[in-house]
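Examination of the molecular architecture
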Amino acid sequence: IAELVEILNFQWKDVDGILNKGGYRILPDEKIDSNHEFPEWFDYLDKALFDKLSVRPDYSEDYLQQMGLFAGGSYAIIDIGWHGTIQNMLETILGCKLVGLYFGNTKRSYFAEMDMSGYWFDLKNENDALSYMAAVNIIEVMLFEQIGTTVGYTKEDGRILPVYNN
């Protein structure tokens, strides 16, 4: 649960306070087994965190506009890969098609219309990529920037800047 809290850019003490208000006592290293039903406290926490997230300012589109992505033209996304999820989200937000250039690509069937290709592998069927997937975690650790995942955006001196969970 501590990983989830960090990804959402919350402090554990704040989440612990939310859970205590609901009558729940959870340790930061509590595991959630996604193969079974989520515990009762998870629904409570989910709603409380969503309520808090919904009042945070969302500068995502402002950031993309600042980067020139609503100006029209042709764009490409270059990413480590694997399925095109970020490309799909950006195409939805921008309302235009992008070209996806990936280290590896396993195009999901519901992304069939997207223009994407992989350098190391470029497969239509995810099951065909299983032999490559053993190395995926190693590749991601090697290539990830050490600043952390982008968890939101903030406005400083008239500029929109990413906020990292480092």
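Report on the accompanying structure. (Residues numbered from 1 in each chain as written. Predicted model: local features only at pLDDT ≥ 70, side-chain atom pairs only at ≥ 80, totals over all residues. Heavy atoms only, no water.)

**Description of the side chain of Asn105**
Mapped onto the elements of the fold, Asn105 is located in strand E2 (residues 99-106). Here the side chain of Asn105 touches Asp122 through a polar contact of 2.6 Å, side chain to side chain. Among residues more than four places away in sequence, those in contact with Asn105 are Trp82, Met116, Ser117, Gly118, Phe121, Asp122 and Leu123. (Helix = DSSP H or I, 4+ residues; strand = E, 2+ residues; numbered from the N terminus. Polar contact = N/O pair within 3.5 Å; in protein donor to acceptor, adjacent residues only side chain to side chain. Contact = heavy atoms within 4.5 Å.)

**So, the pairing of E2**
Direction of pairing for strand E1 (residues 76-82) relative to E2: parallel, over a ladder of 6 bridges. Residue pairing in the sheet places Gly81 in a bridge with Gly104 of E2. You can see the chain leave E1, run along helix H5 (residues 85-94) and come back into E2, and the turn it takes is right-handed. Relative to strand E3 (residues 115-123), E2 runs parallel, the two sharing 7 bridges. Opposite Gly100, over in E3, you have Met116 as the bridge partner. (Pairing = 2+ DSSP bridges. Right-handed = clockwise from strand over helix to strand, strands pointing away.)

**So, the packing of helix H2 (residues 12-21) against helix H3 (residues 40-54)**
Axes are the key here: two packed helices are described by the angle between their axes and the distance separating the axes. The geometry of H2 relative to H3 is characterised by a closest axis approach of 10 Å and an angle of 125 degrees between their N-to-C directions. Considering the angle they form, H2 stands oblique to H3. For the crossing formed where H2 meets H3, the hand is right-handed. On the side of H2, the interface is formed by Val15, Ile18, Leu19 and Lys21, while H3 contributes Trp41, Tyr44, Leu45, Ala48, Leu49 and Lys52. (Axes fitted to C-alpha atoms, helices over the stretch in contact; angles between N-to-C directions. Parallel < 35°, antiparallel > 145°, perpendicular 65-115°, else oblique. Left-handed = near helix turned anticlockwise from the far one by under 90°.)

**Here's the deal with the sheet that holds E2**
Spatial ordering of the open sheet is given by E1-E2-E3, a layout of 3 strands whose pairing is parallel. Edge positions in the open sheet fall to E1 and E3, since each of these has one partner strand only. Mean inter-strand twist for the sheet, computed between neighbouring axes without regard to direction, equals 20 degrees. Along the sheet, H5 makes contact with E1, E2 and E3, crossing E1 at roughly 145 degrees. Strand contacts of helix H7 (residues 136-143): E1, E2 and E3, with the helix running at about 135 degrees to E1, the strand carrying the most contacts.

**Looking at the packing of aromatic side chains**
This model, assessed by the stated rule, comprises 9 aromatic pairs. Measuring from centroid to centroid gives 5.5 Å for Tyr24 and Tyr44, while their planes differ by 45 degrees, and the two rings are tilted. With Tyr24 in the loop between H2 and H3 and Tyr44 in helix H3, this residue pair connects regions lying 20 residues apart in the sequence. For Tyr44, a relative accessible area of 31% gives the class partly exposed. Taken together, Trp82, Phe103, Trp120, Phe121 and Tyr132 form an aromatic cluster joined through their ring pairs. (Phe/Tyr/Trp six-rings, centres within 6.5 Å; stacked < 30°, edge-to-face > 60°. Buried < 20%, exposed > 50% of the residue type's maximum accessible area, 1.4 Å probe, protein only.)

**Observations concerning the nonpolar core**
Formed by 13 residues in total, the largest nonpolar core has its most connected members in Val15, Leu19, Ile26, Trp41, Leu45 and Leu49. Elements with a contribution of two residues or more to this core: H2 and H3. In terms of residues, this core owes the most to one element, H3, which gives 5 residues. Residues within four places of Leu19 in sequence aside, it is in contact with Trp12, Tyr24, Ile26, Trp41, Tyr44 and Leu45. Grouped together as the second largest cluster of nonpolar side chains are 11 residues, Ile77, Leu94, Leu98 and Tyr102 included. (Core = buried A, V, L, I, M, F, W, Y, C linked by side-chain atoms within 4.5 Å.)

**Things to note about the environment of Tyr63**
As for its placement among the helices and strands, Tyr63 is situated in helix H4 (residues 60-66). Overall, the relative accessible area of 19% leaves Tyr63 in the buried class.

**A word on a nonpolar patch on the surface**
On the surface, Ile78, Val99 and Leu101 cluster together to form a nonpolar patch covering roughly 270 Å² of accessible area. Mapped onto the elements, Val99 comes out in strand E2. With relative accessibility at 31%, the residue Val99 sits in the partly exposed group. (Patch = residues over 30% accessible without salt bridge, like charges linked within 9 Å, V, L, I, M, F, W, Y side chains within 5 Å. Areas by Shrake-Rupley, 256 points an atom, 1.4 Å probe, with all protein chains shown as cover. Salt bridge = Lys/Arg side-chain N within 4 Å of Asp/Glu carboxyl O.)

These figures capture arrangement, not role.
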